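Structural overview
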Amino acid sequence: MAKAAYPDDVPLFRYDYTALSLDQVAAALRAPALGGPGGAAELEQLTREELAFVATDGTRLTWNFGPDRQVTLQGEQPGRYGALTVDHITLIAHLVPGTTRGYAIAWDRHDNRATVFELWFGGGPAPTNREVNRAVWHGHIEGGARPEGELHMPTGRVQGRAIMWAEDTGNRTVDYYPSSAFSHWVELDRIAEGRGYSGPSDYIKLTEDLYLYTRTEAEFSGLWQMYVMDANRLQSVGLRLGFDGLDNLEYYMFRGTGEWLGQIANFMAFEDVSGDPLAMPDGPKGARRVYRPLETMDKMTPAEVSAAVAAETHVFARASAMAGHGLPPSRALSGRNFAVRYDGGPQVEYRFTGHDELQWREGGAGGWTTARYNAWETMPGVFIFGHLLAGKPNHDGHVVVADFDNGKATCFRGYLNTPYFANEAGAETWFGKLVGEGIPDPGTARHERTNDLLGSCLTWSYSPGLTSMHLYSSPNTVSWIIFTPSGHGGAQWSGSGDFVKIRDQLYFVRWQEEACNGTLGTILINLRTMHDSGIGYHCGENGLSMSPVGAYARLAGRFDVEKYLGNKRGGYAV
């Protein structure tokens, strides 16, 4: 695989990052610690000679500042800092020479309230030396009147917003904040492929106008980014620290200008503006909730997949919590015969011999294969059905939307034996037409990919207590957010997606839980009834399964991102 700092053809979760040693990290930090952060902005020289910080837990840290942006932390070797101010919040950042740690300070110059981040590489809790760790203290700066009232604190006030930030570096990013503990971002310039990614984040209220945000590219490069944002003026100052895909250190400060993209609904109680619902106060220093799905994912070879599929295959054979609120399967296809002709793909003939049994064959010749299926009529005249294709070398599963009134069909073809993990589902989208008695010929008309859902957020209630929200963040990305018991957005991840318009207010959507658990999720969404029907396709050590998906939906809102992301369709073949 060709190496690049920010590749256009390799998702961040597939990139072959170097397992940097702590010595390599220390060597890379040595000169920047002495020289200070870079960046396009003119960095500020502080006039105050000392900042003595006292945290609520009693932690005390003292910085001494000299000319030429020199800084010394509690007698350690002096280095250089950077400082930028937005309104009355000054952000100060520096690395400690001779170490692999640094600090970022958000100091309110009006009342001396402050939040301090200690940042470090290696030594945990992050599992790799290249991922930035962080610990957070809230407190105040001594030397003036002690601030009255609340100190800085985690907040849910930012949850539900989205802003496009343009840095003075030239990089633009669409930042979504759908959770109180995670965020989702789409880089518009640095990464050209238009895919969105998710990672753990901090949201801290500084004042009614000013908030502090961080994100860690956990599971990816390990980069850490933070900024203080003015919610009204849409101005920010920030810091980026970490290693890119070529192991170059990025350590710079920036100014940003924002564009408001919208606000979606929140689902916690009206009076609940608390933040950090996934905090781990009793864990080790720097502990936080981090979604590391690869740690628990089955990772199988093609031989292991074949053995697992032969041993256990479950097709609509057992109840699924993901379909507790689903529609009952339809019996209306029983007795029907038709074919689906896919453009540039196979012709698949069907004989539906019962309400849950069909026969299929490819190419119009040869014997018929019997398979179990389920079908749902999600809108009158439109069915979604799915089945496995026994004997296919990659254990194919077809999920088909058949629009009998218009003669069109679209298939999400799921398959295994993909290059990274053989049990991780790959997917293709096939467009075609139905052929059979009484079915109109659509000619060249087909269902089409769409941006109708771009920027939308839909919540899903699958079963009592089992809920989530989808963020359709780009034309090739679906992100899912798991709600906490209090209704906050909690853990979040994302993967490749595709969006097909079947009819007005009826959409066929898929997502792949890549580098996660390997599942292919498919749903046919009816926005008139706010219900969906779908099928999950999954393989693991317990075999291959197709299972129903069904949930009640609520529209949380939509972000206005079309002009930035509408042409970012793409994605990767796995």
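Residues numbered from 1 in each chain as written. Predicted model: local features only at pLDDT ≥ 70, side-chain atom pairs only at ≥ 80, totals over all residues. Heavy atoms only, no water.

Some words on the overall build of the protein
Counting secondary structure elements, the protein contains three helices and 36 strands. Against the compact-globule benchmark of 25 Å for 574 residues, the protein has a radius of gyration of 26 Å, which places it among compact chains. For the protein, the spread of C-alpha atoms along the principal axes amounts to about 85 × 45 × 40 Å. Out of the 574 residues in the protein, the part that is buried amounts to 61%. For the protein, contacts bridging at least 24 residues in sequence account for 56% of all contacts bridging at least 6. For the protein, the accessible surface area stands at approximately 21,500 Å², while carbon and sulfur atoms represent 48% of it. Looking at the protein, you have 50 positive and 66 negative side-chain charges, and the mean spots of the two groups are 3 Å apart. (Helix = DSSP H or I, 4+ residues; strand = E, 2+ residues; numbered from the N terminus. Rg over C-alpha atoms; globule rule 2.2 N^0.38 Å. Buried < 20%, exposed > 50% of the residue type's maximum accessible area, 1.4 Å probe, protein only. Contact = heavy atoms within 4.5 Å. Areas by Shrake-Rupley, 256 points an atom, 1.4 Å probe, with all protein chains shown as cover. Lys, Arg positive; Asp, Glu negative; His and termini not counted. Charge placed at Lys NZ, Arg CZ, Asp CG, Glu CD.)

Things to note about the sheet that holds strand β4 (residues 79–86)
An order of β1-β2-β3-β4-β5-β6-β7-β8 is seen for the eight strands of this closed barrel, with the pairing classed as antiparallel. The average angle at which neighbouring strand axes cross in this sheet is 35°, direction not considered. As paired strands, strand β2 (residues 60–66) and strand β3 (residues 70–73) are joined by four bridges and run antiparallel to one another. What sits directly across from Trp63, in β3, is Leu73. Strands β4, β5 (89–95) and β7 (113–121) of the sheet are contacted by helix α1 (residues 22–35), whose axis makes an angle of about 70° with β4. (Pairing = 2+ DSSP bridges. Axes fitted to C-alpha atoms, helices over the stretch in contact; angles between N-to-C directions.)

As for the nonpolar core
Judged by nonpolar contacts, the single largest core of 31 residues is most densely connected at Phe117, Leu212, Met226 and Leu239. Contacts of Leu212, omitting those with residues within four sequence positions, involve Ala106, Phe117, Asp202, Tyr203, Ile204, Leu206, Met226, Tyr227 and Val228. (Core = buried A, V, L, I, M, F, W, Y, C linked by side-chain atoms within 4.5 Å.)

What about the domain arrangement of the protein?
Think of interface size as the accessible area that goes away when the parts come together; that is how it is often given. Partitioning the protein into structural domains gives domain 1 (19–276) and domain 2 (302–565). Spacing between the C-alpha centres of domain 1 and domain 2 amounts to 41 Å. On the side of domain 2, 33 residues touch domain 1, which itself brings 37 residues to the contact. Both sides together, the interface formed by domain 1 and domain 2 hides about 2,500 Å², and carbon and sulfur atoms give 60% of it. Counting the surface domain 1 buries against domain 2, the share from its top three residues, Tyr176, Ile264 and Phe267, is 27%. Counting across the domain 1 and domain 2 interface gives two salt bridges. Residue Arg195 is joined to Glu514 by a salt bridge in which the shortest nitrogen-to-oxygen separation is 3.7 Å. On inspection of domain 1 and its partner domain 2, the count reaches 19 residue pairs in polar contact (both at pLDDT 80 or more). Sorting the residues of the side of domain 1 that touches domain 2 by element identifies β10 (161–167), β11 (172–177), β12 (182–187), β13 (196–205) and β17 (249–263) as the ones contributing at least two each. (Domains from an automatic or database assignment. Buried area = accessible area lost by both parts, 1.4 Å probe. Salt bridge = Lys/Arg side-chain N within 4 Å of Asp/Glu carboxyl O. Polar contact = N/O pair within 3.5 Å; in protein donor to acceptor, adjacent residues only side chain to side chain.)

Some thoughts on the environment of Asp68
Within the fold, Asp68 resides in the loop between β2 and β3. Asp68 sits 23 residues away from Gln45 along the chain, and the two C-alpha atoms are 7.2 Å apart. Once residues within four sequence positions are removed from consideration, Asp68 is found in contact with Gln45 and Arg80.

Quick word on the packing of aromatic side chains
Within this structure, the stated rule accounts for 30 aromatic pairs. Residues Phe65 and Tyr81 carry aromatic rings whose centres are separated by 5.1 Å and whose planes lie at 75° to one another, so their mutual orientation is edge-to-face. Residue Phe65 is located in strand β2, and its partner Tyr81 is located in strand β4; the two are separated by 16 residues in the primary sequence. Across the pair, exposure class does not vary: Phe65 and Tyr81 are buried alike. Taking 5.2 Å as the distance between ring centres and 75° as the angle between the ring planes, the aromatic pair formed by Tyr472 and Phe499 counts as edge-to-face. Of this pair, Tyr472 sits in strand β30 (residues 466–474) while Phe499 sits in strand β32 (residues 489–503); the two residues are 27 residues apart in sequence, bridging distant segments of the chain. Residue Phe499 is classed as buried on the basis of its relative accessible area of 4%. (Phe/Tyr/Trp six-rings, centres within 6.5 Å; stacked < 30°, edge-to-face > 60°.)

Regarding the side chain of Thr216
Note that Thr216 resides in strand β14 (residues 210–216). In contact with Thr216, other than residues within four places in its own chain, are Glu131, Val132, Trp185, Gly199, Pro200, Gly222, Leu223, Trp224 and Arg288.

Considerations on the pattern of salt bridges
Summed over the entire model, instances satisfying the criterion amount to 39 salt bridges. Where Arg292 meets Glu219, a salt bridge forms, and the shortest distance between an N and an O atom there is 3.2 Å. Of this pair, Arg292 sits in the loop between β17 and α2 (302–311) while Glu219 sits in the loop between β14 and β15 (224–230), placing them 73 residues apart in sequence.

Details of α2
Those residues of α2 not exposed but buried are Val305, Ala308 and Val309. The arc that holds the buried residues of α2, viewed along the axis, is 100°, so those residues lie on one side. Within α2, the exposed residues directed more than 90 degrees away from the buried face are Ala303, Ala310 and Ala311. Its buried side turned inward, α2 meets β18 (313–315), β35 (531–540) and β36 (543–558). (Arc of directions from axis to C-beta.)

Considering the sheet that holds strand β19 (residues 337–342)
Strand order in the open sheet formed by nine strands is β22-β21-β20-β19-β27-β26-β25-β24-β23, with antiparallel pairing between adjacent strands. In this open sheet, the two strands that pair with only one neighbour each are β22 (369–372) and β23 (374–379). The average undirected angle you get between the axes of adjacent strands in this sheet is 30°. The pairing of β19 with strand β27 (residues 426–435) spans four bridges and is classified as antiparallel. Across the sheet, the residue bridging to Arg341 is Lys433, located in β27.

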